[in-house]
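The primary structure of each chain is shown beneath.
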Amino acid sequence: MTQVKTLTLAISAGIVALVVGAIAFTLSWNLWDYWGGPMPGIQVLLFPGNLTLIHVWHPLFTEEVSFWPKLALLFIGQFVVVTLVAALFIGPVRKFNCLFAHANR
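So, a few notes on the structure that sits alongside this text. None of the values given here were measured: they were computed from a predicted structure.

1. Remarks on the layout of surface pockets
Link 1 in the chain: A volume near 450 Å³ is recorded for the largest pocket.
Link 2 in the chain: Along its surface, the largest pocket is lined by 23 residues, and N50, L53, K70, L71 and L74 are the ones closest to its centre.
Link 3 in the chain: Within the residue set of the lining of the largest pocket, elements represented by two or more residues are α1 (6-30), α3 (42-45), α4 (47-60) and α5 (67-103).
Link 4 in the chain: Residues of the lining of the largest pocket, tallied by class, amount to 15 nonpolar, five polar and three charged.

2. Here we look at the environment of T6
Link 1 in the chain: With respect to the helices, strands and loops of the structure, T6 is situated in helix α1.
Link 2 in the chain: Each C-alpha atom of the pair T6 and L88 lies 9.2 Å from the other, and the pair is 82 residues apart in sequence.
Link 3 in the chain: Those residues in contact with T6, other than ones at most four positions away along the chain, are A87, I90, G91 and R94.

3. Here we look at the side chain of T52
Link 1 in the chain: Note on placement: T52 falls in helix α4.
Link 2 in the chain: A residue is classified by how much of its surface remains accessible, and T52, at 10% relative accessible area, is buried.
Link 3 in the chain: Reaching out from T52, the side chain makes a polar contact with the backbone oxygen of G49 at a distance of 2.8 Å.
Link 4 in the chain: Filtering out sequence-adjacent residues up to four positions away, T52 remains in contact with W57, L73, G77 and V81.

Calculation criteria
- Residues numbered from 1 in each chain as written.
- Predicted model: local features only at pLDDT ≥ 70, side-chain atom pairs only at ≥ 80, totals over all residues.
- Heavy atoms only, no water.
- 1 Å grid on protein atoms, 1.4 Å probe; cavity = no way out; pocket = protein on both sides within 12 Å on 5 of 7 lines; lining within 4 Å.
- Points joined across faces, edges and corners; volume = space filled by probe spheres on them.
- Helix = DSSP H or I, 4+ residues; strand = E, 2+ residues; numbered from the N terminus.
- Nonpolar A, V, L, I, M, F, W, Y, C, P; charged D, E, K, R; others polar.
- Contact = heavy atoms within 4.5 Å.
- Buried < 20%, exposed > 50% of the residue type's maximum accessible area, 1.4 Å probe, protein only.
- Polar contact = N/O pair within 3.5 Å; in protein donor to acceptor, adjacent residues only side chain to side chain.

What follows is the structure, given as structure tokens:
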């Protein structure tokens, strides 16, 4: 059985989070009148991107940033944060899984 590299798996998780975030943002943006505000759960789905907007990009850009650059920064943050967190968790999980597999032999 071939094992996927940690970086490949982490990047895949980042891409999935980016796609989910883009779909959620698009739905929330286009259905604003239907929901009467932002889509329920949007804060959870876009949490990694919003985290970087608040704590990384906002201190760097004190002036008001227009919509498209801010959206790009949100999606960059969404991808980077999820990729890094996935990479940090995949390594220890694989070590634990390997130890658990050897203990059951």
